[in-house]
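Structural overview
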Amino acid sequence: SQQGEEDPQALSIQEGENATMNCSYKTSINNLQWYRQNSGRGLVHLILIRSNEREKHSGRLRVTLDTSKKSSSLLITASRAADTASYFCASPNTGNQFYFGTGTSLTVIP
Amino acid sequence: DGGITQSPKYLFRKEGQNVTLSCEQNLNHDAMYWYRQDPGQGLRLIYYSQIVNDFQKGDIAEGYSVSREKKESFPLTVTSAQKNPTAFYLCASSITGPYGYTFGSGTRLTVV
């Protein structure tokens, strides 16, 4: 299994602070994705970063990828209470199936 | 609006019964997937299908069955052989290639 693992498992910050969560994976990949899940809901795709990219931005999101360390990070800047959710990284297996980590539970305190 | 619809949202099953979870998409995606999520856990792949009339087992296929007779539909049957079926089930779809998945809103199955 190429299942990624997020770190930390849980993170609690004040509104306005930045939130950083990390993901490690096991084998070579051609891309890595980050998803968000609100409680009791489906996952929402946030961003995809390809193996030849080191950094990618989308609004308040910044994703980095270090293929030499088999790790990625997701930074949410200027967090808001609405960012409270679980965040998952997903790394692909052979073919088009993605394996999801156990997630980081983010709580943003107003 | 295009999307992926799972039904029902909540489902209760008596022990020994088979139940079928519905997943329909109108995104014209070729690939569809079923995942299981247990409390505080990540997603585990049950089955996936990359084309109509073809599907493959994921990591935890035992006790589950699927069909893919139409591109739009990928129903999952939880059989009585699945000993611990209480979980949150998520269906997803994607176009072929390294692209993101679109997820449904999930079905919460409880055995009573």
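Bear in mind that the values here come from a model prediction, so they are computed numbers and not experimental data.

So, on to the overall build of chain A. If you tally the helices and strands in chain A, you get zero helices and 11 strands. Mapped in sequence order, the helices and strands of chain A form the string β-β-β-β-β-β-β-β-β-β-β. The globule rule puts the C-alpha radius of gyration for 110 residues at 13 Å, and the 13 Å found for chain A is close to it. The principal-axis extent of the C-alpha atoms belonging to chain A is close to 40 × 30 × 20 Å. Counting across all 110 residues of chain A, residues that qualify as buried make up 45%. Accessible surface computed for chain A: about 5000 Å², of which carbon and sulfur atoms make up 45%. Charge separation in chain A, taken as the distance between the mean sites of 11 positive and 9 negative side-chain charges, equals 6 Å.

Further remarks concern the interface of chain A and chain B. Across the boundary between the two partners, chain A contributes 20 residues, which contact 26 residues of chain B. Between chain A and chain B, a total of about 1700 Å² is buried, with carbon and sulfur atoms accounting for 50% of that surface. Here chain A and chain B share zero salt bridges between them. Counting across the chain A and chain B interface gives six residue pairs in polar contact (both at pLDDT 80 or more).

Here, disulfide denotes a covalent bond that connects the sulfur atoms of two cysteines. Following the criterion strictly, the structure yields two disulfides over all chains and no others. There is a disulfide in this structure between Cys 23 of chain A and Cys 89 of chain A, and the S-S distance comes to 2.0 Å. Between Cys 23 of chain A and Cys 89 of chain A the sulfur-sulfur dihedral comes to about 70°; the bridge is accordingly right-handed. Pair noted here: Cys 23 of chain A is in strand S3 (residues 19-24) and Cys 89 of chain A is in strand S9 (residues 85-92), with a separation of 66 residues, a long-range link. Residue Cys 23 of chain A is classed as buried on the basis of its relative accessible area, which comes to 2%. For Cys 89 of chain A, a relative accessible area of 1% puts it in the buried group. In this model, Cys 23 of chain B is linked to Cys 91 of chain B through a disulfide, with the two sulfur atoms separated by 1.9 Å. Across the S-S bond of Cys 23 of chain B and Cys 91 of chain B the torsion is about -75°, and the bridge reads as left-handed.

Below, the discussion takes up the sheet that holds strand S1 (residues 5-7) of chain A. Residues and elements named next belong to chain A. The five strands lie next to each other as S1-S3-S8-S7-S6, forming an open sheet whose pairing is antiparallel. Each of the sheet's edge strands pairs with one partner strand only, and the pair in question is S1 and strand S6 (55-58). Here the strands of the sheet are splayed against their neighbours by 20° on average, with no regard to which way each runs. Pairing analysis gives four bridges linking S6 to strand S7 (residues 61-66), with the strands arranged antiparallel. Its bridge partner lying in S7, Lys 56 is registered against Val 63.

Here the focus is the pattern of salt bridges. Throughout the structure, instances matching the rule amount to six salt bridges over all chains. A salt bridge links Asp 30 of chain B to Lys 71 of chain B, with the nearest nitrogen and oxygen atoms 3.3 Å apart. You can see Asp 30 of chain B sitting in the loop between strand S3 (19-25) and strand S4 (31-37) and its partner Lys 71 of chain B sitting in the loop between strand S7 (64-66) and strand S8 (76-78), a full 41 residues away along the chain. Owing to a relative accessible area of 24%, Lys 71 of chain B belongs among the partly exposed residues under this scheme. Measuring nitrogen to oxygen at the nearest pair gives 3.0 Å for the salt bridge that ties Asp 38 of chain B to Arg 36 of chain B. You'll find Asp 38 of chain B and Arg 36 of chain B in the same group, each marked buried. Several salt bridges converge on common partners, so that one network encompasses Arg 36, Arg 60 and Asp 83 of chain A.

Counting residues in each nonpolar core, the largest one holds 21 residues, and the members touching the most others are Met 21, Leu 32, Trp 34, Leu 74, Ile 76 and Leu 106 of chain A. Counting residues in each nonpolar core, the second largest holds 20 residues, with Cys 23, Ile 60, Phe 74 and Ala 87 of chain B among its members.

Analysis parameters
Residues numbered from 1 in each chain as written. Chains lettered and ligands numbered in written order. Predicted model: local features only at pLDDT ≥ 70, side-chain atom pairs only at ≥ 80, totals over all residues. Heavy atoms only, no water. Helix = DSSP H or I, 4+ residues; strand = E, 2+ residues; numbered from the N terminus. Rg over C-alpha atoms; globule rule 2.2 N^0.38 Å. Buried < 20%, exposed > 50% of the residue type's maximum accessible area, 1.4 Å probe, protein only. Areas by Shrake-Rupley, 256 points an atom, 1.4 Å probe, with all protein chains shown as cover. Lys, Arg positive; Asp, Glu negative; His and termini not counted. Charge placed at Lys NZ, Arg CZ, Asp CG, Glu CD. Contact = heavy atoms within 4.5 Å. Buried area = accessible area lost by both parts, 1.4 Å probe. Salt bridge = Lys/Arg side-chain N within 4 Å of Asp/Glu carboxyl O. Polar contact = N/O pair within 3.5 Å; in protein donor to acceptor, adjacent residues only side chain to side chain. Disulfide = S-S within 2.5 Å. Pairing = 2+ DSSP bridges. Axes fitted to C-alpha atoms, helices over the stretch in contact; angles between N-to-C directions. Core = buried A, V, L, I, M, F, W, Y, C linked by side-chain atoms within 4.5 Å.

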